[in-house]
There are 2 protein chains.
Amino acid sequence: MQKIISLAKRRGFVFPSSEIYGGVEALWDYGPLGSLLKNNIKNAWLDRFVQKKDNVVLIEGTVLMNPSVWKASGHLKHFTDPLIECKKCHSRFREDQLAKKECPQCGNKELTPARQFNLMFKTFLGPVEDASHVTYLRPETAQSMFTNFKNVQESMRLKVPFGIAQIGRSFRNEITTGNFTFRSREFDIAEIEYFVKPGEDEKCFDVWLEEWEKFFLGLGLKKENLRRYEHLKKSLAHYSKRTVDIEYKFPWGWAELAGVANRTDFDLSQHAKESRQDLNYFDEETGKKYIPYVIEPTLGIERLLLALLVDSYDEVKGGRTKTTKAAKEVETVLKLSKKIAPIKVAVFPLVKNKPELVKAAKQVFELLKPHFMCLYDEVDSIGRRYRRQDEIGTPFAVTCDFETLEKNDVTLRDRDTMKQERIKIEDLAEVIKNKLNVS
Amino acid sequence: MQKIISLAKRRGFVFPSSEIYGGVEALWDYGPLGSLLKNNIKNAWLDRFVQKKDNVVLIEGTVLMNPSVWKASGHLKHFTDPLIECKKCHSRFREDQLAKKECPQCGNKELTPARQFNLMFKTFLGPVEDASHVTYLRPETAQSMFTNFKNVQESMRLKVPFGIAQIGRSFRNEITTGNFTFRSREFDIAEIEYFVKPGEDEKCFDVWLEEWEKFFLGLGLKKENLRRYEHLKKSLAHYSKRTVDIEYKFPWGWAELAGVANRTDFDLSQHAKESRQDLNYFDEETGKKYIPYVIEPTLGIERLLLALLVDSYDEVKGGRTKTTKAAKEVETVLKLSKKIAPIKVAVFPLVKNKPELVKAAKQVFELLKPHFMCLYDEVDSIGRRYRRQDEIGTPFAVTCDFETLEKNDVTLRDRDTMKQERIKIEDLAEVIKNKLNVS
């Protein structure tokens with residue numbers, strides 16, 4: 001895990017937020033490579049679950065909402081953790097996690113009784129800071145999909161079953177944090193609220209659970225590092241009839257990556273009651289009204305990003321390239337799926353002190369840039385440059401050498417096989433495009 | 001404007017946030033078409049300013065930061081509006097906007113003296129709500145690009161001049177709101193902090209101002225609806241040496257869409273002082289250290305979206321189609337640039353009561369879906385379906401008719417010319433791809 005954290009910082013995937021000020025616990029910024037990787041994950045999700053589905057539409061709701069939303073949803077009452085404090089050193093713990101920990105800074109065992117602490121960040125709308133102006137930062141994106149149920153269904157003329165999808169920033173004022181970015185106070189969730197006829201919910205649950213797992217496998221996560229965890233009836237959230245977590249085998253153990261919940265008609269019924277609006281769906285075929293059930297597949301984008309870094313991280317002792325020099329080194333390669341790798345192609349001149357090679361490489365760079373996220377590099381030996389790209393998962397490296405000047409072709413190196421083939425410059429974009437699409 | 005608002009609501013572009021609870025002032029959710037349009041605008045921006053630029057990299061910072069950031073940046077002190085309240089009806093106004101308004105609800109003229117109200121939303125990190133745990137929701141994304149200046153420059157081995165780009169959610173507790181989504185409390189900003197050598201800042205400013213305008217024109221905004229507004233020296237923000245707004249001619253008048261500011265070395269110097277970190281850039285060529293100047297082009301994504309809706313909205317009285325029936329109607333067409341239109345292709349069977357046409361149309365829909373955001377529609381007459389797509393700016397409509405069954409071709413209708421051509425189904429995806437790329 002330390003190696004991943006170090007790589008993430010050194011190569012521009014993840015930085016501590018406000019690091020020059022000592023950071024803020026559990027807040028992380030995504031650097032140039034991390035933000036591209038995040039975007040690629042989001043786009044893969046949107047492609048699969050919005051563009052390629054017939055009946056799932058996207059929305060983008062606000063973080064701040066009318067506070068009645070959180071009353072109706074049960075978050076004001078139930079979205080709490082039992083908070084315990086050490087009377088001596090004032091360290092804070094979640095009661096349910098205390099068994100696993102010591103009171104670390106002081107050895108004292110005198111603790112306050114647990115109080116229910118709401119994990120929603122609080123703020124005030126308008127200039128008056130009193131109870132009537134309080135609202136909250138959303139801890140998930142689901143609620144705006146429920147409050148917009150009618151707006152979406154009517155404006156898009158949708159028939160049940162249909163889904164509303166959203167990726168959005170969410171906030172939780174976590175008491176205990178840790179494991180790098182795993183438990184962050186600010187994160188992006190991708191979720192779908194899939195509305196079905198009551199009675200069809202259980203079957204639909206299973207379908208979405210499989211869909212979700214296929215998505216992870218399609219991005220390259222190893223099957224043996226994923227498992228299901230079925231929540232016990234007694235530990236289900238207040239809205240849920242059934243919840244299954246999809247866990248990933250992180251370096252510190254199995255932990256939640258994603259989940260599917262059967263939220264029944266809980267949310268729509270609650271909002272109908274609290275808002276006094278009719279949130280029934282009118283079924284044209286039967287002429288009957290009903291409140292749909294909801295199957296909710298959900299996934300933490302940053303957790304998936306972390307799992308992908310862990311899963312694709314590989315070290316080869318003695319060097320992948322088997323040169324004498326490399327024999328003493330440990331070479332790192334991120335075997336990220338080509339689809340989501342942040343940089344697709346790196347372009348190099350063989351050496352930087354030959355102006356004609358530099359010129360040729362820059363021309364190739366200009367040629368490829370409109371098609372792919374590219375990077376140009378001329379610093380250090382060609383071997384080091386390949387290894388620098390392997391370490392950040394760049395699937396292809398293009399090198400302009402002396403033959404390029406004569407024959408108008410370049411070498412195209414594959415990250416995983418390390419094989420190089422010569423490709424005519426005029427065919428290069430097309431060849432890379434095909435290779436990216438196939439894998 | 002009322003027509004745009006009505007269209008936006010009815011067709012799923014924009015809904016009031018938490019509408020079933022009466023909404024929240026100045027908070028807006030983006031529906032299925034609005035969220036796709038937003039994504040397309042963001043992707044066009046990322047393509048142009050990150051992928052196609054050699055020396056601009058992306059980051060994604062957190063909304064919540066260490067509160068010292070806002071002390072150093074001057075936001076705690078300066079990011080305020082003068083707030084005035086009517087002593088009778090308690091309506092609140094910005095002092096500088098009061099001249100334009102009456103005290104509307106009561107006619108009373110007795111007002112409180114102005115007090116400086118900070119527009120940053122306040123919240124608390126951790127369970128204790130006292131001054132030492134206060135932090136703020138960022139009102140812009142710029143600061144995380146300054147606090148990460150060193151992290152980004154070093155991890156990506158960048159040389160000045162280079163830029164850091166970000167699109168991110170920002171929050172402002174506005175006193176006065178209005179004009180639909182124009183002044184929202186929550187919005188996405190796209191900005192670039194472009195770091196240059198002091199002395200090169202003025203020239204660079206002009207280059208970015210032009211780049212920014214070209215982007216808007218490239219998305220289809222009409223030239224005559226854009227103008228520059230040069231801020232007077234005395235009204236510049238505390239960090240700025242020069243600011244030019246790019247204004248758009250909205251239905252209520254010219255208003256700020258975007259801007260370019262010369263922030264000098266203000267931010268990096270302030271953060272260096274406050275954090276006691278060395279934020280100098282070391283210039284390898286001259287062997288000298290300096291704090292770079294910063295040129296900041298910035299743009300509100302939702303304002304651009306609103307401008308694009310307004311700019312592309314067109315009504316044709318008497319009907320675009322010139323049929324007898326249409327002669328009495330007003331037909332609406334959103335002439336959005338094909339690049340950013342939310343739905344690219346609509347697929348129809350000529351009529352819905354011929355199963356073989358429905359089947360053919362659904363096959364074509366399945367064929368196109370992997371390539372484009374598509375929509376299938378079989379309800380109402382073909383003319384009405386075309387008009388429904390015109391109204392949301394869909395560039396192409398494909399219809400399967402009786403000839404389709406014999407000749408394996410379809411009609412492809414262009415939104416703007418309304419011309420239809422017959423295309424073989426096997427060529428359809430490629431033909432549409434080319435048409436989308438050319439325009």
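As the structure is a prediction and not an experimental result, all values here were calculated from the model. (Residues numbered from 1 in each chain as written. Chains lettered and ligands numbered in written order. Predicted model: local features only at pLDDT ≥ 70, side-chain atom pairs only at ≥ 80, totals over all residues. Heavy atoms only, no water.)

As for the overall build of chain A
Phase 1 of the analysis: In terms of regular secondary structure, chain A is built from 14 helices and 23 strands.
Phase 2 of the analysis: Burial statistics for chain A: of 439 residues in total, 59% are counted as buried.
Phase 3 of the analysis: The contacts in chain A between residues at least 6 apart in sequence include a share of 64% that link residues at least 24 apart.
Phase 4 of the analysis: Looking at chain A as shown, the accessible area adds up to about 18800 Å², and 49% of this sits on carbon and sulfur atoms.
Phase 5 of the analysis: Looking at chain A, you have 72 positive and 64 negative side-chain charges, and the mean spots of the two groups are 3 Å apart. (Helix = DSSP H or I, 4+ residues; strand = E, 2+ residues; numbered from the N terminus. Buried < 20%, exposed > 50% of the residue type's maximum accessible area, 1.4 Å probe, protein only. Contact = heavy atoms within 4.5 Å. Areas by Shrake-Rupley, 256 points an atom, 1.4 Å probe, with all protein chains shown as cover. Lys, Arg positive; Asp, Glu negative; His and termini not counted. Charge placed at Lys NZ, Arg CZ, Asp CG, Glu CD.)

Focus on the packing of helix H2 (residues 32–51) of chain B against helix H10 (residues 301–312) of chain B
Residues and elements named next belong to chain B.
Phase 1 of the analysis: At a minimum axis distance of 10 Å, the contact between H2 and H10 shows a crossing angle of 110 degrees. With respect to H10, the element H2 is oriented roughly perpendicular. Contact with H2, carried on its side by Gly 34, Leu 37, Lys 38, Ile 41 and Lys 42, involves Ile 301, Glu 302, Leu 304, Leu 305, Leu 308 and Leu 309 of H10 and no other residues of that element.
Phase 2 of the analysis: Here the contact of H2 with H10 is built from residues that sort into seven nonpolar, one polar and three charged. (Axes fitted to C-alpha atoms, helices over the stretch in contact; angles between N-to-C directions. Parallel < 35°, antiparallel > 145°, perpendicular 65-115°, else oblique. Nonpolar A, V, L, I, M, F, W, Y, C, P; charged D, E, K, R; others polar.)

Things to note about the sheet that holds strand E5 (residues 92–94) of chain B
All names here are of chain B.
Phase 1 of the analysis: Taken together, the three strands give an open sheet; going across it, the order is E5-E4-E6, and neighbouring strands pair in antiparallel fashion. For this open sheet the edge positions go to E5 and strand E6 (115–118), each flanked by a neighbour on one side alone. Strand-to-strand twist in this sheet, taken as the mean axis angle between neighbours without regard to direction, amounts to 50 degrees. (Pairing = 2+ DSSP bridges.)

Overview of the environment of Val 128 of chain B
Phase 1 of the analysis: Within the secondary structure, Val 128 of chain B is located in the loop between strand E7 (122–124) and strand E8 (134–136).
Phase 2 of the analysis: The sequence separation of Val 128 of chain B and Tyr 229 of chain B amounts to 101 residues, and the corresponding C-alpha distance is 45 Å.
Phase 3 of the analysis: Sequence-distant contacts of Val 128 of chain B, that is, excluding residues within four places in its chain, are made with Arg 92 of chain A together with His 133 of chain B.

Concerning the sheet that holds strand E10 (residues 186–196) of chain A
Residues and elements named next belong to chain A.
Phase 1 of the analysis: The mixed open sheet is built from seven strands, whose spatial order is E3-E9-E10-E16-E13-E12-E11. Taken across any chain shown, the strands that pair with only one partner, and hence form the sheet edges, are strand E3 (56–58) and strand E11 (226–230). On average, adjacent strands in this sheet sit at an angle of 25 degrees to one another, irrespective of strand direction.
Phase 2 of the analysis: As judged from the six bridges shared by E10 and strand E16 (residues 293–300), these two strands associate in the antiparallel manner. Following the sheet pairing, Tyr 194 is matched in E16 by Ile 295.

Thoughts on helix H8 (residues 201–218) of chain B
Residues and elements named next belong to chain B.
Phase 1 of the analysis: Between the first and last C-alpha of H8 there are 25 Å, a value that for 18 residues agrees with the 26 Å anticipated at 1.5 Å per step.
Phase 2 of the analysis: Of all the positions in H8, only Asp 201, Cys 204, Phe 205, Trp 208, Leu 209, Glu 211, Trp 212, Glu 213, Phe 215 and Phe 216 are classed as buried.
Phase 3 of the analysis: The positive-phi residue at the C-terminal boundary of H8 is Gly 220, with phi of around 110 degrees. (Expected span 1.5 Å × (residues − 1).)

Observations concerning the interface of chain A and chain B
Phase 1 of the analysis: The interface is formed by 86 residues belonging to chain A together with 86 residues belonging to chain B.
Phase 2 of the analysis: For the pair chain A and chain B, the two sides together bury roughly 7000 Å², of which 55% comes from carbon and sulfur.
Phase 3 of the analysis: Looking at the side of chain A facing chain B, the largest losses of area belong to Ile 20, Tyr 21 and Glu 60 of chain A, adding up to 12% of the total buried there.
Phase 4 of the analysis: Here chain A and chain B share eight salt bridges between them.
Phase 5 of the analysis: Note that Glu 129 of chain A is salt-bridged to Lys 122 of chain B, the shortest N-O span being 3.3 Å.
Phase 6 of the analysis: For the pair chain A and chain B, the interface holds 45 residue pairs in polar contact (both at pLDDT 80 or more). (Buried area = accessible area lost by both parts, 1.4 Å probe. Salt bridge = Lys/Arg side-chain N within 4 Å of Asp/Glu carboxyl O. Polar contact = N/O pair within 3.5 Å; in protein donor to acceptor, adjacent residues only side chain to side chain.)

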